[in-house]
Amino acid sequence: MADHVAGSLHGPADLPIVSMEALDRAEPNQLTFISNERYAKRWLQSRSCVALVPDGLAVKEAEGRALITVPDVDLAVAKVLELMAPPAVEVDAGVHASAVVDPSARVDKTARVGPNCYVGRRAELGPGVVLHANVTVMDDVRLGADCVLWPGVVIRERCTLGDRCVLHPNVSVGADGFGYRPGPDGSTIVKIPQIGTVTIGADVEIGSGTCIDRAKFGTTEIGAMCKLDNLVQIGHNCRVGERVIIAGKAGLAGSVTVGDDAVIGGAAILRDHVTIGAAAKIAGFAGVMSDVPSGATWAGYPAQDAKIALREQAALRKLPDLARSLRKRQNP
């Protein structure tokens with residue numbers, strides 16, 4: 001195991017490991033990990049036989065148990081989980097008898113199309129594509145090589161996915177953007193046609209229930225290697241750069257631009273037409289109402305520089321005591 005994670009072993013080398021578990025729940029034959037000093041103090045009470053530990057963290061060695069020191073515990077855990085992962089859910093080779101594939105669609109011979117899937121007119125499924133049960137791929141869609149679409153995914157017409165994308169259950173790509181205006185007489189609501197598309201780069205992973213709307217015109221873009229959590233909303237005409245991470249329940253209104261390597265926390269909301277600079281960080285529950293500079297960290301509602309937001313929150317906590325003090329001065 002130490003060799004597998006490129007770590008250094010401290011302790012016996014012959015301990016049996018059958019699985020991985022959290023420090024407080026681990027059994028004697030399970031591997032665990034210690035990420036910081038808080039958990040290092042619990043090591044002696046844990047029943048685990050082996051722990052992954054970051055280089056430089058002081059953890060007491062215990063008789064009959066081992067420590068594996070590594071440069072990055074999170075990356076080491078990822079390698080262990082890859083090693084221990086059960087076999088992947090497989091879709092039988094070819095096209096399932098219950099699937100409906102339009103004769104004009106181009107399905108690579110190595111693609112796998114599961115039960116009750118639909119593949120529309122002129123759609124293209126690249127080599128190694130896997131459609132699990134009940135996936136809908138509509139007209140003129142392009143799926144790159146080795147894409148995996150889990151049950152319930154819907155890809156609307158004319159959208160494109162790059163190679164090796166993974167879409168988890170019930171992702172929606174290419175639904176109409178939210179575009180409406182009051183009618184001329186004020187008694188109706190006029191729908192603005194959404195005639196654009198969605199383009200998703202290579203190696204993108206999208207969590208369950210996430211919705212990426214098509215552009216009003218042009219393209220909604222998600223760059224390569226982005227990772228979107230569950231229940232994320234991407235509005236029409238958004239442009240998301242490469243390697244962007246967006247946590248669950250975050251929402252981007254229309255025409256938002258997000259630079260490369262940005263991170264958007266859970267349940268953050270971004271108003272339309274704002275720009276998030278490259279490598280910027282948006283805290284969870286933030287409400288972004290204006291452009292965020294590259295490399296900045298913003299928090300709060302409305303969002304601003306995180307340091308200022310934290311100082312304001314600290315000051316707000318003092319208001320009740322200040323109010324009582326003022327009342328005493330006014331009424332001695």
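Refer to the preceding data block for the structure.
Residues numbered from 1 in each chain as written. Predicted model: local features only at pLDDT ≥ 70, side-chain atom pairs only at ≥ 80, totals over all residues. Heavy atoms only, no water.

Caption draft 1: Region of the structure containing the overall build of the protein. When you go through the protein residue by residue, the secondary structure sums to three helices and 38 strands. In terms of overall dimensions, the protein is more spread out than a globule: its C-alpha atoms have a radius of gyration of 25 Å, far above the 20 Å expected for 332 residues. The principal-axis extents of the C-alpha atoms in the protein amount to approximately 75 × 70 × 30 Å. By residue count, 39% of the 332 residues in the protein fall in the buried class. For the protein, the share of sequence-separated contacts (at least 6 apart) that also reach a separation of at least 24 residues comes to 18%. In the structure as shown, the protein presents an accessible area of about 17,800 Å², 55% of it carried by carbon and sulfur atoms. A distance of 9 Å separates the average location of the 35 positive side-chain charges in the protein from that of its 37 negative side-chain charges. (Helix = DSSP H or I, 4+ residues; strand = E, 2+ residues; numbered from the N terminus. Rg over C-alpha atoms; globule rule 2.2 N^0.38 Å. Buried < 20%, exposed > 50% of the residue type's maximum accessible area, 1.4 Å probe, protein only. Contact = heavy atoms within 4.5 Å. Areas by Shrake-Rupley, 256 points an atom, 1.4 Å probe, with all protein chains shown as cover. Lys, Arg positive; Asp, Glu negative; His and termini not counted. Charge placed at Lys NZ, Arg CZ, Asp CG, Glu CD.)

Caption draft 2: Broad picture of the side chain of Thr220. If you trace the backbone, Thr220 turns up in strand E25 (residues 219-222). Of the residues examined, Thr220 reaches a relative accessible area of 0% and is grouped as buried. Residues contacting Thr220, with those up to four places away along its chain left out, are Thr197, Val198, Thr199, Ile212, Asp213, Arg214, Ala215, Ile234, Gly235, His236, Asn237 and Cys238.

Caption draft 3: Layout of the nonpolar core. Ranked by size, the top nonpolar core spans 56 residues in total, and within it Leu131, Leu149, Leu167, Ile200, Leu252 and Ile276 carry the most contacts. Once you skip the residues sitting within four places of it in the chain, Leu131 turns out to touch Val91, Arg112, Val113, Gly114, Cys117, Val119, Leu125, Val137, Leu143 and Leu149. With 14 residues, the next largest nonpolar core counts Ala2, Val70, Val77 and Val80 among its residues. (Core = buried A, V, L, I, M, F, W, Y, C linked by side-chain atoms within 4.5 Å.)

Caption draft 4: Here's a closer look at the pairing of strand E5 (residues 66-70). Among the five residues that make up E5, five are buried, leaving the element largely enclosed by the rest of the structure. A two-sided burial pattern is seen for E5, the buried positions comprising Ala66, Ile68 and Val70 on one face and Leu67 and Thr69 on the other. In the sheet, strand E1 (residues 8-10) pairs with E5 via three bridges, with the strands oriented antiparallel. Bridge pairing in E5 places Leu9 opposite Ile68. (Pairing = 2+ DSSP bridges.)

Caption draft 5: Just the packing of aromatic side chains, in detail. Considering all chains together, one arrives at one aromatic pair under this definition. Judged by centre distance (5.2 Å) and plane angle (70°), the ring pair of Phe178 and Tyr180 falls under edge-to-face. Taking relative accessible area as the criterion, Phe178 reaches 71% and is therefore assigned exposed. Looking at Arg65, its charged tip hangs above the ring of Trp43, at a distance of 3.9 Å from the centre. (Phe/Tyr/Trp six-rings, centres within 6.5 Å; stacked < 30°, edge-to-face > 60°. Lys NZ or Arg CZ within 6 Å of the ring centre and 35° of its normal.)

Caption draft 6: Local environment of the environment of Asn170. Relative to the helices and strands, Asn170 resides in the loop between strand E18 (166-167) and strand E19 (172-175). For the pair Asn170 and Arg324, spaced 154 residues apart in the sequence, the C-alpha separation amounts to 53 Å. Each residue touching Asn170, except ones within four places of it in the same chain, is listed here: Pro151, Gly152, Val153, Gly209 and Thr210.

Caption draft 7: Summary view of the pairing of strand E22 (residues 197-200). Of the pairings in the sheet, the one linking strand E17 (residues 160-161) to E22 comprises two bridges and is parallel in character. Looking across to E22, one finds that Leu161 is bridged to Ile200.

Caption draft 8: View of the environment of Leu31. For Leu31, the location among the structural elements is in strand E3 (residues 30-33). Assessed through its relative accessible area of 0%, Leu31 is described here as buried.

Caption draft 9: Region of interest: unusual backbone geometry. Between Tyr301 and the following residue, Pro302, the backbone shows a cis peptide bond with an omega angle of -5°. Relative to the helices and strands, Pro302 is located in the loop between strand E37 (297-299) and strand E38 (304-305). With phi around 65°, Asp140 is a residue other than glycine that occupies positive phi space. The topology assignment puts Asp140 in the loop between strand E13 (136-137) and strand E14 (142-143).

Caption draft 10: Broad picture of a nonpolar patch on the surface. Residues Phe178, Tyr180 and Ile189 make up a contiguous nonpolar surface patch of roughly 390 Å² in combined accessible area. Relative to the helices and strands, Tyr180 is located in strand E20 (residues 180-182). A relative accessible area of 35% places Tyr180 in the partly exposed class. (Patch = residues over 30% accessible without salt bridge, like charges linked within 9 Å, V, L, I, M, F, W, Y side chains within 5 Å. Salt bridge = Lys/Arg side-chain N within 4 Å of Asp/Glu carboxyl O.)

Caption draft 11: Representation of the sheet that holds strand E11 (residues 124-125) in the model. If you walk across this open sheet you meet the nine strands as E8-E11-E14-E17-E22-E25-E28-E31-E34, and the pairing is parallel. Every other strand in the sheet has two partners, leaving strand E8 (106-107) and strand E34 (275-276) as the edge strands with one partner each. Across two bridges, strand E28 (residues 239-240) lies against strand E31 (residues 257-258) in parallel orientation. Bridge assignment links Val240 to a residue of E31, and that residue is Val258.

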